[in-house]
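# Examination of the molecular architecture
Here is what each chain is made of, one letter per residue.
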2 protein chains.
Amino acid sequence: MTGANYVVIMAGGVGSRFWPMSTAECPKQFIDVLGCGRTLLQMTFDRFAGIVPAENIWVVTSKNYKGIVKSQLPDVTDSHILAEPCMRNTAPCIAYVSWKIKKLDAAANIVFSPSDHLVTDVPEFRRVISRSLDFSARLHAIVTLGMKVFRPETGYGYIAVLPDEEEIKPVEAFKEKPNKELAEKYMQSGNYYWNAGVFVWNVQTIEKSFRTYCPDIASVFDRLDAVLGTDSEQEAVDRLFPECPSISVDYAIMEKAPDIYVFPADFGWSDLGTWGSLHRQLASAADENVCIGVQPTLVDSTGCIVHMPAGKKVVIEGLHNYIVAEKDNTLLICRIEDEQQIKDFSK
Amino acid sequence: MTGANYVVIMAGGVGSRFWPMSTAECPKQFIDVLGCGRTLLQMTFDRFAGIVPAENIWVVTSKNYKGIVKSQLPDVTDSHILAEPCMRNTAPCIAYVSWKIKKLDAAANIVFSPSDHLVTDVPEFRRVISRSLDFSARLHAIVTLGMKVFRPETGYGYIAVLPDEEEIKPVEAFKEKPNKELAEKYMQSGNYYWNAGVFVWNVQTIEKSFRTYCPDIASVFDRLDAVLGTDSEQEAVDRLFPECPSISVDYAIMEKAPDIYVFPADFGWSDLGTWGSLHRQLASAADENVCIGVQPTLVDSTGCIVHMPAGKKVVIEGLHNYIVAEKDNTLLICRIEDEQQIKDFSK
């Protein structure tokens, strides 16, 4: 039995590391981070809309953001935007939407994707996703995407692969965010990849994995099963969803399940997790300044990322490697290297 | 014959060194530079209102700024706000208002003052001005104020005095802005003072000085004399004033006339000519940060001057000795030491 392909975009994050550009009221995925006219969520939708029909795209978000998602993604069916009443990390999110899709298509084949990452080589991304969907449709397997390692990054999880001739290779182990020394080793070894947080698996595999490794989460959605798709759904979800443990799917399932595969890929991926990573992704001019939203006058200034409301006149002199960002009458000036302090400022 | 005392506030400047706080449309004298609720012009008026009646205070400004002056100084008689049709430096400005006042009071005794300086010891300022007015009422003399030299400043003109036991001493010479080496010598010699641009003289001395040293300027106002105070005044001034040479009173008269005196004084004076001088004037906290208009969050930041619209939230991390200023949707970030470049940014 082979079902249709589905995409689930997980858009419930509340990251504050891009403050003041992103805030708890409007997190990063809803922001036009690149100043290109499309938010990261919209760009994620656009990437997938090329390989599955819009009606097969689902979004799971927080109750607070349902309105933003609806307004940013008018082509997504209303009933395909699911609202979590509280944050419980990725495992309950995946179970909720999977139990929903399973009722419509018991052989559904689903990609789960973060909503706030950047991909610069979209055709290659689509090829990788399509191949992964073919793979997971045929096998009781979970395919994760492994990103080529360019630097000894300590901010990402890693995936170690087993030697294999195939494009999609068996996973040896998932590795948590390493320290600098370990990250160097991972990079040099050549068989480690960054975990991009994208998973492709079919709904039978999902259901079986939850029943095996997260019976408490499976139980919550079994109890909800009768009301899913009815007018009582939201009320029941609001009541029972909070019973789920807060746990990531990596930790809950990926690190335990057999038959996990990784697709080592390179499609210009960035998680844009911090101002620094956004700067690294976009800096190309000789002065390494990145300007979004405005064209400031920059004098004797290098390595800066400037993100200001359109129409603002900005003059910057003598600034090197700083973030200068403004939104909603809030201005931040901060050394890029000190950006981990931003989460304190945003409180 | 002894006339009344008058004050003339010269408020026609168009300085751009405080950009973006000050602009050609609203120069420094019209700005609440200190965030105290009063503009520099208003603070100048307040200082003098303690020693002469408000109806004896006159303001000369540019035609463009007459409306601003009227709104900022509602207690100044309308007809005492004179509008120059174009900039001709201080000598024509002084002649214009003096020819006007002379018609009302042929023995008028007048203080001329810039509108954009700061004085922190107002009682001492008033004592110095009152003493100077007494002096110039009795003598055919010009009294200038000489400010105590605290540092080898290259941005000010200097006045050298002749040794004298009196509080008001004869001037030896006016000195143009020196280079650093010369400024050091001036400071060490002990008989040099900064020229604060404040002059006290009676109207007979003024008239005689112009007839002797600036006959072309005197001639312009002699031709205007018949219409001064009539409905035709502004039209005639607009036509003839531009004939005046553009020249400072220092250069036109002070450097040539005999009987010039200086009153060495110390009343917490600053010309606030630049962001740096404003910072120097106001920095007192241990971190040497000066914040006007807002209370920003400052982390690992020292020696900065932050001037932002009230209500703005500002977070600054890792910035040392910078200007951060915003007005009318224009943001400037600039090293204080590089502030001479600001005039280029403001164009």
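These notes cover the structure that comes with them. Remember, predicted model here, so these are calculated numbers, not experimental data.

## Brief notes about the environment of Pro264 of chain B
All names here are of chain B. By the element assignment, Pro264 lies in strand 10 (residues 260-265). Considered as a pair, Pro264 and Ala252 are twelve residues apart in the sequence and their alpha carbons are 22 Å apart. Excluding residues within four positions of it along the chain, Pro264 makes contact with Gly146, Glu167, Lys169 and Tyr193.

## Quick notes on the sheet that holds strand 17 (residues 330-335) of chain B
Judged by pairing direction, the sheet is mixed, and its six strands sit side by side in the order 13(A)-15(A)-17(B)-16(B)-14(B)-12(B) without closing on themselves. The outermost strands of the open sheet, each flanked by one partner alone, are strand 13 (297-299) of chain A together with strand 12 (290-292) of chain B. Averaged over neighbouring strand pairs, the angle between their axes works out to 5° when direction is ignored. In this structure, strand 16 (residues 322-327) of chain B lies alongside strand 17 of chain B, joined through six bridges in antiparallel fashion. Within strand 17 of chain B, the residue paired with Ala325 of chain B across the bridge is Leu332 of chain B.

## Brief notes about the pairing of strand 3 (residues 81-84) of chain A
Residues and elements named next belong to chain A. Side chains of strand 3 alternate between two faces, with Ile81 and Ala83 and Leu82 and Glu84 buried alike. With four bridges joining them, strand 2 (residues 57-62) and strand 3 adopt parallel strand pairing. Along strand 3, the bridge assignment pairs Thr61 with Ala83. In this view, the connection linking strand 2 to its parallel neighbour strand 3 by way of helix 2 (residues 66-72) has right-handed handedness.

## A short note on the environment of Ser232 of chain A
Of note, Ser232 of chain A is situated in the loop between helix 7 (215-224) and helix 8 (233-240). On a C-alpha basis, the gap between Ser232 of chain A and Trp269 of chain A in space is 40 Å, while along the polypeptide they are 37 residues apart.

## A closer look at helix 1 (residues 40-49) of chain A
Most of helix 1 of chain A sits inside the fold, with eight of its ten residues counted as buried. For helix 1 of chain A, the full list of buried residues reads Leu40, Leu41, Gln42, Met43, Thr44, Phe45, Arg47 and Phe48 of chain A.

## Notes on the packing of aromatic side chains
In total, this model carries 34 aromatic pairs over all chains according to the counting rule given. Seen in terms of ring centroids, Phe125 of chain B and Phe267 of chain B are 5.1 Å apart; in terms of plane orientation they differ by 85°. Their pairing is edge-to-face. A residue pair is termed long-range when its members are at least 10 positions apart, and Phe125 of chain B in helix 4 (residues 122-138) and Phe267 of chain B in the loop between strand 10 and strand 11 (269-270) qualify at 142 residues. Both residues of the pair, Phe125 of chain B and Phe267 of chain B, count as buried. Counting every residue linked through ring pairs, the aromatic cluster contains Tyr96, Trp99, Phe210, Phe221 and Phe241 of chain A. Here Lys256 of chain A stacks its cationic end above the ring of Tyr251 of chain A, 5.9 Å away from the centre of that ring. Just above the ring of Phe125 of chain B sits the side chain of Arg47 of chain B; from NZ or CZ to the centre is 5.2 Å.

## Concerning the relation of the copies chain A and chain B
Superposition of the two copies of the chain requires a rotation about an axis and a shift along the axis. When chain A is fitted onto chain B, the two copies agree to an RMSD of 0.1 Å after a turn of 180° and an axial shift of 0.0 Å. Within this description, the copies of the chain are treated as partners about a two-fold rotation axis. Here 100% of the contact residues of chain A are again contact residues in chain B; the copies associate through an equivalent surface.

## Points about the environment of Cys291 of chain B
Residues and elements named next belong to chain B. Secondary-structure assignment places Cys291 in strand 12. For Cys291, a relative accessible area of 24% translates into the label partly exposed. Distance from Cys291 to Arg131, taken between C-alpha atoms, is 36 Å for residues 160 residues apart in sequence. Dropping the residues within four chain positions of it, Cys291 is found in contact with Pro296, Leu298 and Val306.

## Concerning the pairing of strand 10 of chain B
All names here are of chain B. Most of strand 10 sits out of view: six of its six residues are buried. A two-sided burial pattern is seen for strand 10, the buried positions comprising Ile260, Val262 and Pro264 on one face and Tyr261, Phe263 and Ala265 on the other. Relative to strand 10, strand 8 (residues 169-175) is paired through two bridges, and the arrangement is antiparallel. Its bridge partner lying in strand 10, Pro170 is registered against Tyr261.

## Looking at the sheet that holds strand 13 (residues 297-299) of chain B
For sheets, the rule is that strands pair by backbone hydrogen bonds, running either parallel or antiparallel. Read from one edge to the other, the open sheet built from six strands follows the order 12(A)-14(A)-16(A)-17(A)-15(B)-13(B), with strand pairing classed as mixed. Edge positions in the sheet fall to strand 12 (290-292) of chain A together with strand 13 of chain B, since each has one partner strand and no second. On average, adjacent strands in this sheet sit at an angle of 5° to one another, irrespective of strand direction. The pairing of strand 13 of chain B with strand 15 (residues 313-317) of chain B spans three bridges and is classified as parallel.

## Quick notes on the state of the cysteines
All names here are of chain A. Scanning the entire structure with this criterion turns up zero disulfides over all chains. A disulfide-free cysteine, Cys36 has its sulfur positioned 14 Å from the sulfur of Cys26, the nearest such atom. Looking at Cys36, the relative accessible area reads 44%, which means it is partly exposed.

Definitions and cut-offs
Residues numbered from 1 in each chain as written. Chains lettered and ligands numbered in written order. Predicted model: local features only at pLDDT ≥ 70, side-chain atom pairs only at ≥ 80, totals over all residues. Heavy atoms only, no water. Helix = DSSP H or I, 4+ residues; strand = E, 2+ residues; numbered from the N terminus. Contact = heavy atoms within 4.5 Å. Pairing = 2+ DSSP bridges. Axes fitted to C-alpha atoms, helices over the stretch in contact; angles between N-to-C directions. Buried < 20%, exposed > 50% of the residue type's maximum accessible area, 1.4 Å probe, protein only. Right-handed = clockwise from strand over helix to strand, strands pointing away. Phe/Tyr/Trp six-rings, centres within 6.5 Å; stacked < 30°, edge-to-face > 60°. Lys NZ or Arg CZ within 6 Å of the ring centre and 35° of its normal. Least-squares fit on C-alpha atoms with pLDDT ≥ 70 in both. Disulfide = S-S within 2.5 Å.

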